Amino acid sequence: MKYNKWLISVGLIAALLAVLILPGCADEEMAEDLNGEDVAAPADAEYVLKLQHSWGAAENHFFEHYARIVGNMSDGRIEIEVFSDGELVATGEIPDAVSSGIIDMGHTHPQFHLDVLDEGYIEYVPFLWRDVDEVMAALWHYGVADLLGEAVEEKFDVVLLDFQVDDLGALLFSSPVRSIDDMAGMTINIDPPLADVLRDQADASAVYYDAEDLWYNLNMGILDGLEWGGAKAMVDMDLHSAAISGGVAGEGAFVRPYFITAFIPFYCINPDVWNDLPEDLQHILMEAVHANTIWMRSYYGFHEAESMRIMEEAGIEIVDLPDEDVELMFNESLVWLENEFAPLTPRTQEIYNAVMKALEDFGRI
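Definitions and cut-offs
- Residues numbered from 1 in each chain as written.
- Predicted model: local features only at pLDDT ≥ 70, side-chain atom pairs only at ≥ 80, totals over all residues.
- Heavy atoms only, no water.
- Buried < 20%, exposed > 50% of the residue type's maximum accessible area, 1.4 Å probe, protein only.
- Helix = DSSP H or I, 4+ residues; strand = E, 2+ residues; numbered from the N terminus.
- Pairing = 2+ DSSP bridges.
- Patch = residues over 30% accessible without salt bridge, like charges linked within 9 Å, V, L, I, M, F, W, Y side chains within 5 Å.
- Areas by Shrake-Rupley, 256 points an atom, 1.4 Å probe, with all protein chains shown as cover.
- Salt bridge = Lys/Arg side-chain N within 4 Å of Asp/Glu carboxyl O.
- Axes fitted to C-alpha atoms, helices over the stretch in contact; angles between N-to-C directions.
- Parallel < 35°, antiparallel > 145°, perpendicular 65-115°, else oblique.
- Left-handed = near helix turned anticlockwise from the far one by under 90°.
- Contact = heavy atoms within 4.5 Å.
- Nonpolar A, V, L, I, M, F, W, Y, C, P; charged D, E, K, R; others polar.
- Phe/Tyr/Trp six-rings, centres within 6.5 Å; stacked < 30°, edge-to-face > 60°.
- Lys NZ or Arg CZ within 6 Å of the ring centre and 35° of its normal.
- Lys, Arg positive; Asp, Glu negative; His and termini not counted.
- Charge placed at Lys NZ, Arg CZ, Asp CG, Glu CD.

> How would you explain the pairing of strand β4 (residues 159-163) if you had to name every residue and give the values?
Taken across its five residues, β4 has five buried, putting it largely inside the fold. Sheet analysis places β4 next to strand β10 (residues 266-269), joined by four bridges and oriented antiparallel. Across the sheet, residue L160 finds its bridge partner in β10, namely C268.

> Hey, could you go over the sheet that holds strand β9 (residues 252-260) for me, with residue numbers and the actual values?
Ordered in space as β7-β6-β8-β5-β9-β11, the six strands form an open sheet in which the pairing is mixed. Both edges of this open sheet fall to β7 (205-207) and β11 (316-320), since each of them pairs with a single strand only. Bridging between β9 and β11 involves five bridges; their strand directions are parallel. Among the inter-strand pairings, F254 is bridged to a residue of β11, identified as I318.

> Lay out a nonpolar patch on the surface with the relevant residues and their values.
Nonpolar side chains collect at one region of the surface, where W215, Y216, M220 and I222 lie side by side and expose about 410 Å² of accessible area between them. With respect to the secondary-structure elements, I222 resides in the loop between α7 (214-219) and β8 (225-226).

> Talk me through the packing of helix α2 (residues 60-73) against helix α11 (residues 279-314); I want residue IDs and the actual numbers.
Following both chains from N to C, one finds α2 and α11 inclined at 140°, their axes separated by 9 Å at the closest point. As the angle between them shows, α2 and α11 are arranged oblique. Judged by the twist between their axes, the crossing of α2 over α11 is right-handed. Contact residues: α2 offers H61, F62, H65, Y66, I69, V70 and M73, while α11 offers I284, L285, A288, V289, A291, N292, W295, M296, Y299 and Y300. Considering only residue class, the contact of α2 with α11 consists of 14 nonpolar, three polar and no charged.

> I'd like to hear about the packing of aromatic side chains, residue by residue, with values.
Counted by the stated rule, this structure contains 19 aromatic pairs. Here the aromatic rings of W336 and F341 are separated by 5.9 Å at their centres, their planes lie at 25°, and the arrangement is stacked. Exposure remark for F341: the relative accessible area of 0% places this residue in the buried category. Cluster of aromatic residues (ring-pair linked, three or more members): W55, F62, F63, Y66, Y267, W295, Y299 and Y300. The residue whose ring lies beneath R364 is F330, and the NZ or CZ to ring-centre distance is 4.3 Å.

> An account of the pattern of salt bridges is needed here, citing residue identities and associated values.
For the coordinates displayed, the defined rule picks out 14 salt bridges. Here R199 makes a salt bridge to D196, at a shortest N to O gap of 3.3 Å. Highlighted residues: R199 and D196, both in helix α6 (residues 194-202), separated by three residues, approximately one helical turn. D196 gets classed as buried once you look at its relative accessible area, which sits at 16%. One salt-bridge network, held together by shared partners, links E119, E150, E154 and R347.

> Account for the sheet that holds strand β1 (residues 47-53), with residues named and values stated.
Each strand in a sheet pairs with another by means of backbone hydrogen bonds, the pair being arranged parallel or else antiparallel. Spatial ordering of the open sheet is given by β2-β1-β3-β10-β4, a layout of five strands whose pairing is mixed. Looking at which strands have only one partner, the edges of the open sheet turn out to be β2 (78-83) and β4. Sheet twist, expressed as the average angle between the axes of neighbouring strands with direction ignored, equals 20°. Of the strand pairs in this sheet, β1 and β2 are connected by six bridges, and their pairing is parallel. Looking at the pairing, L49 lines up with I80 of β2. Where α2 meets the sheet, its contacts fall on β1, β2, β3 (105-108), β4 and β10, and the angle it forms with β2 comes to roughly 175°. Sitting on the sheet, α11 is in contact with β1, β2, β3, β4 and β10, with an inclination near 30° to β4.

> I'd like a description of a negative patch on the surface, backed by residues and values.
Side chains of E87, D210, E212 and D213 sit close together on the surface and give a patch of like negative charge. Locating D210 in the fold gives a position in the loop between β7 and α7.

Rendered as structure tokens:
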């Protein structure tokens, strides 16, 4: 199954354009439907689907937006009920729960399943891409989405609707950090391969907690730092207050440039539910992912600078890593990809080849 689904029919393009004409981006407007009116799901919806995502409840609005797009494009034939991290199943259980029918749909990250999905490491390679255009090209033109999607479907027995390009990846610390050396000996909430790079370069320890555990662990000093998206995602989760309220205002640090220019989570659906849907509703579920992606990415972009101002006012210093640190981490990433990632499976070797071709074409190597 191919995941390059961006070429759609004229009718779906018209519907997609209609749902993208949204009445502004203010958070309070997220409670409204796409025409600006409060709506309840129709009582006679033909399909009522439960969707759980792996983000915190503060970010429910992104998935409620997806549900509204689907509801509007399907004329109310599909109702999607949204659940946040841990409400029905644990984060790591989302794909298996979709496969078994405990939930109908899921939204999660490849990197959240590294224990069984070797290909998922590719989402989290630090400083691999310079901007979202490079991420999108690598995914849908160099074939990374096809290969990674095949791995997801094979491993979890789900139907993958498509990947997204959404939030940025940054680092937040509860003490002054202005270079890799300043991270020495810290405990940071990060995954490999960033964890491997910082372990080798700064002797930093890595752990990974679910979304709802981050605030407490950072505030109590169990964590010295963490990654949870960019500034907007962190402010939505109130993580900036956790970084300074347990210490002294002015000593926390939000570190740029973003080591991830766009994460690539995916929507998936139970195969039996999928096969039960008529073809027009299948297309709507897929194309709504793309509409949701465009809105999500623009929402983050719209709020990012404002969120950094909120952090600064709270006492968080906005810091830029030295260019030599960024170059060092990029080169370490290339070594990790060749020596650790590519040999894992035949498919990781194919992903590695695609990534290297993209980097060569982009003038990076």
